[in-house]
Amino acid sequence: MMTTIELGVQGMTCASCVGRVERGLKKVEGVESASVNLATERATVTYDPSVTTPQALLDKVKDVGYEPMVSSLELGIQGMTCASCVGRVERALKKVDGVLSASVNLATERASVTYLPSSVSPGQLKAAIRETGYEVLEEQAGLSREDQEREARAQEVDHLRRQVLFSTIFAVPLLLIAMVPMVIPAVNDWLMNTFGHGVMSTLNWVMLALALPIQFGPGRRFYRLGWKSLKNRSPDMNALVMIGTTAAFLYSLVATVAPGIFPEGTAHVYYEASGVVITLILLGKFFEAIAKGRSSEAMKKLLSLQAKTARVVRNGQELELLTDEVLVGDLISVRPGEKIPVDGDVVHGASFVDESMITGEPIPVSKQPGAGVVGGTINQNGALTFRATRIGADTALAQIIKLVETAQGSKPPIQGLADRVVAVFVPVVLGIAALTFLLWLIFGGQTALSFALITTVAVLIIACPCAMGLATPTSIMVGTGKAAELGVLFKGGGALEGLQDVQVVAMDKTGTLTKGKPELTDLVVAEGFNREGVLRLVAAAEEQSEHPIARAIVDAAKRAGVALLKPEAFEAVPGYGLEARVDGHLVQVGADRYMTQLGLDIKVFAAQAERLGDEGKSPLYAAVDGQLAAVIAVADPIKDGSLEAVDALHRMGLRVAMITGDNARTANAIARQLGIDEVLAEVLPSGKSDAVEALQAKGQKVAFVGDGINDAPALAQADIGLAIGTGTDVAVETADVILMSGDLRGVPNAFALSRATLRNIKLNLFWAFAYNIVLIPVAAGVLYPTFGVLLSPVLAAAMGFSSVFVLSNVLRLRRFKPPVKSVTVTAQPLIPAQA
């Protein structure tokens with residue numbers, strides 16, 4: 001059967017463009033015809049869906065040089081209760097012509113859809129969801145999507161609370177009437193002696209009166225949702241509860257109204273099996289809703305960092321505007337203690353800004369005219385006026401929020417197992433229930449019908465797929481939220497899971513393991529010289545030079561508070577060094593050959609020179625007034641925390657490699673200091689991806705850690721790319737994990753959190769699957785012939801709390817402690833700790 005769709009195509013300018021797109025599409029296997037309209041910028045394609053896909057058509061449009069029009073949409077969905085609901089909504093969306101992909105998350109109650117806007121509208125997508133029996137959360141004016149979802153969740157919790165209270169009022173006396181005479185024989189004897197055997201018939205009518213409001217009051221939700229699931233041929237948890245409780249209720253109703261049709265002594269009633277089961281399941285749903293709200297708490301805290309208003313200076317006047325009304329180029333005034341509303345560049349004023357919630361760095365950053373500021377950070381002690389450069393969705397904080405939301409809504413590969421099981425789970429359970437009923441009816445003896453009913457209802461009630469649906473997405477939600485709290489942003493669940501398989505962590509050297517900027521690391525003076533005096537003279541001599549080594553010496557003097565003098569004369573000595581006259585002193589700085597040319601013996605510094613050589617540093621020498629004064633080394637120093645990070649990775653059983661363009665001697669010296677296992681030195685920037693590929697060729701899964709800018713090819717080549725020290729530039733397309741701080745200790749913390757999250761998911765899935773695998777046979781009565789044990793439907797309903805167990809286990813992730821304490825942990829985190 002052929003299918004026709006329309007594709008939007010951007011970039012076409014003439015008839016030859018049209019012809020190129022048409023020819024390209026017709027070459028795709030399975031395409032019968034393709035017609036492109038330049039005026040509407042649309043391509044109409046008829047193809048065989050069994051041979052090709054819309055995605056293949058889009059790829060072909062890209063191949064021929066044009067951009068296909070694709071849109072993405074996120075929809076809030078109300079009414080989903082289990083993994084079967086998720087599967088049903090996903091299937092309904094994917095059936096809509098023009099939908100490329102659809103992913104539904106039970107934890108966030110949200111659907112992410114990628115579709116062709118030329119073929120399908122958002123209204124059609126919403127209609128498809130509603131046809132499956134669920135509601136779409138429509139946008140309300142004046143409320144953000146997050147506020148609406150929070151309000152909807154609060155309403156659901158409140159509604160469930162009322163339903164549980166209503167059901168409990170009737171269920172408690174129902175349970176007492178049904179169970180007390182069975183558990184306490186003396187009570188049963190008293191009833192018989194006092195009121196006669198007719199009392200049982202009277203009690204049956206009382207229990208009917210108590211069960212009726214539960215069955216058709218709060219129990220209506222299971223009829224409404226269960227019937228829709230059966231009608232759509234995709235039975236879910238609601239269908240199981242509906243069938244099970246209805247069977248118990250109707251059997252009891254017949255036994256109450258017409259007991260004579262049953263063999264003598266078999267007209268038992270099971271009103272408690274319907275009424276109490278519904279109450280317990282609703283109670284489980286109530287606790288589940290509360291726990292789901294807590295699992296999304298981290299996202300709420302992250303959203304709370306956004307400023308609501310901004311003080312905008314227009315035409316010389318300060319206006320208090322909503323941040324949504326700020327325009328790029330606006331001047332914005334910020335007072336001490338206020339939150340900076342959007343990203344921008346300082347124009348007037350000076351202050352210190354606390355950026356710890358964005359970068360994790362604890363020390364406030366000095367801001368002067370020309371410096372950049374980030375929305376969501378806190379201005380501390382001075383007034384600032386800055387010009388807005390990025391607003392709305394373009395700000396650093398908005399990008400962080402988007403990344404966290406995307407990660408929370410994504411499905412890691414491990415979710416595929418749960419999805420495949422859930423797809424067949426409920427139909428299999430219905431089959432087991434039918435088989436259970438049939439076998440007990442055949443082999444159950446005199447009480448066959450009664451036993452068949454008990455076991456069938458127990459099977460239907462105990463087989464709740466809710467825990468399966470919540471096992472993965474809730475762990476991902478809490479895990480990625482906790483990661484953001486530590487300054488680690490995972491781009492998706494796949495990245496979170498992918499770190500598990502990594503065996504080698506390859507790191508760029510400059511800017512990752514080291515600070516990336518030359519600094520004065522050593523200055524050892526000869527006898528008779530003062531360190532500060534020599535530094536003042538050498539820095540003054542180097543002031544005139546723009547060489548990186550010269551700038552490092554000058555910066556060191558400034559940091560030490562040394563007053564810089566102006567040289568009276570300056571001369572470069574090509575190939576050797578420099579000569580200057582400072583404050584009446586002759587200052588000469590250069591390599592060992594320069595000192596030899598000057599007739600100075602450098603053997604006095606032999607031990608220091610050997611040490612510097614072992615550390616991969618090239619020593620320089622300074623002479624003052626013709627006497628050897630000092631040995632100097634300028635190098636790119638190792639970052640604080642690099643050694644701890646490498647040690648922590650080793651403790652996790654990982655090998656660490658270093659990829660650098662530096663010479664082998666310097667690279668090996670750094671590697672020795674850090675304990676790095678493998679060094680790939682003298683690698684050109686363009687060759688870093690080849691170096692990663694060489695590591696992968698040994699059969700190893702490789703994670704690459706780089707700065708996310710010039711390391712993009714290597715980040716893309718690696719199995720998992722970690723961009724470190726990107727600060728506010730969070731939109732790193734090629735990285736899978738973004739570490740907001742330049743502190744390398746975030747790398748082992750990311751690995752540790754990944755492992756903790758995956759352990760959490762596996763425990764959840766084990767519980768969800770094992771609980772059903774073990775208890776469904778018990779509910780079916782396999783233990784009765786040997787041990788005389790039958791599982792009451794009431795106890796089966798209590799086991800519906802498996803989803804509450806899963807959520808409680810998930811919330812343990814909020815107490816995760818990183819293995820390496822870094823600045824991202826000691827500082828105020830990206831999300832406040834109480835999240």
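Quick caveat, the model's predicted, so the values are computed rather than measured.

**So, the overall build of the chain**
- From N to C terminus, the chain includes 31 helices and 30 strands.
- Across the 835 residues of the chain, 53% fall into the buried class.
- If you take every contact in the chain between residues at least 6 apart in sequence, the share linking residues at least 24 apart comes to 69%.
- Of the roughly 36,000 Å² of accessible surface on the chain, 57% is carried by carbon and sulfur atoms.

**Thoughts on the nonpolar core**
- Of all hydrophobic cores here, the largest spans 117 residues; its most connected members are F490, L722, V747 and F751.
- No other element matches helix α27 (residues 746-780), which puts 17 residues into this core.
- When sequence neighbours within four positions are dropped, the list of residues in contact with L722 reads L499, A703, F704, V705, G706, L715, V737, L739, V747 and A750.
- Of all hydrophobic cores here, the second largest spans 26 residues; its members include V534, V582, L620 and A630.

**As for the pattern of salt bridges**
- According to the stated counting rule, one finds 17 salt bridges in the structure shown.
- With a closest N to O distance of 2.5 Å, D158 and R162 form a salt bridge. Placement of both D158 and R162 in helix α5 (residues 145-183) is noted, with a separation of 4 residues, approximately one turn of the helix.
- Judged by its relative accessible area of 32%, D158 falls in the partly exposed class.
- Across the pair K688 and D508 runs a salt bridge, and its minimum N-O distance is 2.8 Å. Of this pair, K688 sits in helix α25 (residues 688-696) while D508 is found in strand β19 (residues 504-508), placing the two residues 180 residues apart along the sequence. Comparing K688 with D508 shows no difference in burial state: the two are buried.
- Because the salt bridges share partners, they merge into one network encompassing R311, E318, R335 and E338.

**Focus: the sheet that holds strand β13 (residues 351-354)**
- Here we have 3 strands laid out as an open sheet, ordered β14-β13-β16, and antiparallel in their pairing. Taken across any chain shown, the strands that pair with only one partner, and hence form the sheet edges, are β14 (365-367) and β16 (378-379).
- Sheet topology places β13 next to β14; 3 bridges connect them, and they run antiparallel. If you follow S351 over to β14, its bridge partner there is K367.

**Examining unusual backbone geometry**
- Positive phi outside glycine occurs at N315, with the angle close to 55°.
- Residue placement: N315 occurs in the loop between β9 (309-314) and β10 (317-322).
- Phi is positive for E682, which is not a glycine, with a value near 55°.
- Position of E682 relative to the elements: it lies in the loop between β27 (678-680) and α25.
- With relative accessibility at 53%, the residue E682 sits in the exposed group.

**Brief notes about the pairing of strand β28 (residues 702-706)**
- Along β28, 5 of the 5 residues are buried, which leaves the element largely enclosed by surrounding structure.
- Side chains V702, F704 and G706 project from β28 onto one buried face, and the interleaved A703 and V705 project onto a second face that is buried too.
- Pairing geometry for β28 and strand β29 (residues 720-724), over 4 bridges, is parallel. If you follow G706 over to β29, its bridge partner there is A723.

**Thoughts on the pairing of strand β22 (residues 577-582)**
- Side chains L578, A580 and V582 project from β22 onto a buried face, and the interleaved G577, E579 and R581 project onto a face without burial.
- As defined by bridge partners, strand β21 (residues 569-573) adjoins β22 across 5 bridges and the pair is classed as antiparallel. Paired with A572 across the bridge in β22 is L578.
- Turn length for the β21-β22 hairpin, with the two strands adjacent in sequence and antiparallel, is 3 residues, and the turn residue G575 shows positive phi of about 80°.

**With respect to the UniProt feature "transmembrane region" (unreviewed entry) in the chain**
- UniProt annotation of "transmembrane region" (unreviewed entry) refers to residues 164-187, 199-218, 239-262, 268-291, 421-443, 449-472, 765-784 and 790-811 when read in the numbering used here.
- Strand forms 0% of residues 765-784 and helix 85%; the C-alpha atoms that close the span are 28 Å apart.

Thresholds applied
In this convention, every chain numbers its residues from 1, walking through the sequence in written order. This being a predicted model, a pLDDT of at least 70 is required before a residue's local features are given, and a value of 80 or more before pairs of side-chain atoms are given or counted; all residues contribute to the totals for chains, interfaces and linings. Working from all heavy atoms in the structure, the side-chain values ignore hydrogens and water. Working definition: helices are DSSP H or I runs of at least four residues, strands are E runs of at least two. Numbering for both runs from the N terminus. Burial here depends on accessible area, computed with a 1.4 Å probe over protein chains only, as a share of the maximum for the residue type. Under 20% is buried, over 50% is exposed, and the range in between is partly exposed. Throughout, a residue-residue contact means that at least one pair of heavy atoms, one from each residue, lies within 4.5 Å. Accessibility throughout is a Shrake-Rupley quantity obtained with a 1.4 Å probe, and a residue counts as covered only by protein chains that appear here. Side-chain atoms within 4.5 Å are what join buried Ala, Val, Leu, Ile, Met, Phe, Trp, Tyr and Cys residues into a set we call a nonpolar core. Put simply, a salt bridge is a Lys or Arg side-chain nitrogen that is within 4 Å of an Asp or Glu carboxyl oxygen. Strands are treated as partners if at least two bridges between them are detected by DSSP. UniProt positions are given in the numbering used here, feature names are shortened, and annotations may be inferred rather than shown by experiment.

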